[in-house]
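# Descriptive structure summary
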Amino acid sequence: IVNFLFSMFGGARMAVCNLSERCKKIIQVLLRENDYVSLKKIADITGVSRRSIYYDLCNINEWLDEQGIKELRVERGKGILLSQEDKLKIKESLGKKSSEDYHVFLHSERVKINICYIIYSKDPVYINHIMDACKVSRNTVFGDMRIVIQKLREYDLDLKYEAKKGYEVCGDAVRKCALFFLYFNTLRPLFDNGTLKFFDRDEIHKHYERLNSLKSELKVEYMEGDLLSLAALMPVMRNCREKLYFA
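This one's a predicted model, so the numbers in the text were calculated from it and none came from an experiment.

## Focus: the environment of Glu109
Residue position: Glu109 is located in helix H7 (residues 107-120). Taking the C-alpha atoms as reference points, Glu109 and Leu190, separated by 81 residues in sequence, lie 9.7 Å from one another.

What follows is the structure, encoded as structure tokens:
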């Protein structure tokens, strides 16, 4: 059906095709994968119906045609696969900045981001904040939150929501800090490249410099990335309403 739609709309191309944010997201998914990407996976990541994906792919093909790049083809039972040559051409056409700055979050990343965001923020976190942070729809956030609740329960923590307070991770303060530290460590590349906008980077780097100086004075070593994760944890510990007890 996708290839049929491509052929239907192929004869009515616009002079200039501007890619929507969702089309860019689909392209980034295809650029990242080295194997076939199913339409179901694309629909899950973008949070829209497969029918909407069909029309997005038509628009992407219009843009590819304007760039002189081979159009996408969907192989039955497999999905879409980009060759390395086409990936390079697409990256050049998108431009270095847009290609690097536009990140498509995996489902597993979004769950960790949601948990870290809620634990870290000293201000109320609402659904629109999470939508902006992860670049997903409201329905996708609701789906992610169901997994967030499951993950938190594995650590004897819970997720609560109040109209005036937004989302809140409830439970033992030490467990919350430990979970934040664990997840931030895995998300560190996204922090490093500035993708995670909700963190106060200046504050975290100030804590990092202080910890780094202390490390030198005490002559201790840390695993790579642990010091930055500790620096990010400092505001969490400061904002924590419960007293922290470490056995």
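## Digging into the pairing of strand E1 (residues 158-162)
Direction of pairing for E1 relative to strand E2 (residues 166-170): antiparallel, over a ladder of 5 bridges. If you follow Lys160 over to E2, its bridge partner there is Glu168. Here E1 folds back onto E2 in antiparallel fashion, the turn holding 3 residues.

## Thoughts on the nonpolar core
Nonpolar side chains in soluble globular proteins tend to end up buried together. Ile130, Phe180 and Phe199 are the most contacted members of the largest nonpolar core, which totals 42 residues. Broken down by secondary-structure element, the contributors of at least two residues to this core are H7, helix H8 (127-134), helix H9 (138-154), E2, helix H10 (173-192), helix H11 (201-218) and helix H12 (226-239). Residues in contact with Ile130, not counting those within four places in the same chain, are Asn114, Tyr117, Ile118, Val125, Lys135, Val141, Met145 and Tyr167.

## A word on the confidence of the model for the chain
Of all residues in the chain, 83% attain a pLDDT of 70 or more, and the chain-wide mean is 83. Below a pLDDT of 50 lies the segment residues 4-16, which in the model reaches 19 contacts outside its immediate sequence neighbourhood of four places, other chains included. The model gives residues 96-100 a pLDDT under 50, and that stretch makes 5 contacts with residues more than four places away or in other chains.

## Some thoughts on the packing of aromatic side chains
In this structure the tally under the stated criterion is 11 aromatic pairs. For the pair Phe191 and Phe199, a centre-to-centre distance of 5.8 Å together with 80 degrees between the ring planes defines the contact as edge-to-face. This pair shows no difference in class: Phe191 is buried, exactly as Phe199 is. Members of the aromatic cluster, joined through ring pairs, are Tyr117, Tyr120, Phe180, Phe184, Phe191, Phe198 and Phe199.

Parameters and conventions
Residues numbered from 1 in each chain as written. Predicted model: local features only at pLDDT ≥ 70, side-chain atom pairs only at ≥ 80, totals over all residues. Heavy atoms only, no water. Helix = DSSP H or I, 4+ residues; strand = E, 2+ residues; numbered from the N terminus. Pairing = 2+ DSSP bridges. Core = buried A, V, L, I, M, F, W, Y, C linked by side-chain atoms within 4.5 Å. Buried < 20%, exposed > 50% of the residue type's maximum accessible area, 1.4 Å probe, protein only. Contact = heavy atoms within 4.5 Å. pLDDT = per-residue confidence, 0-100. Phe/Tyr/Trp six-rings, centres within 6.5 Å; stacked < 30°, edge-to-face > 60°.

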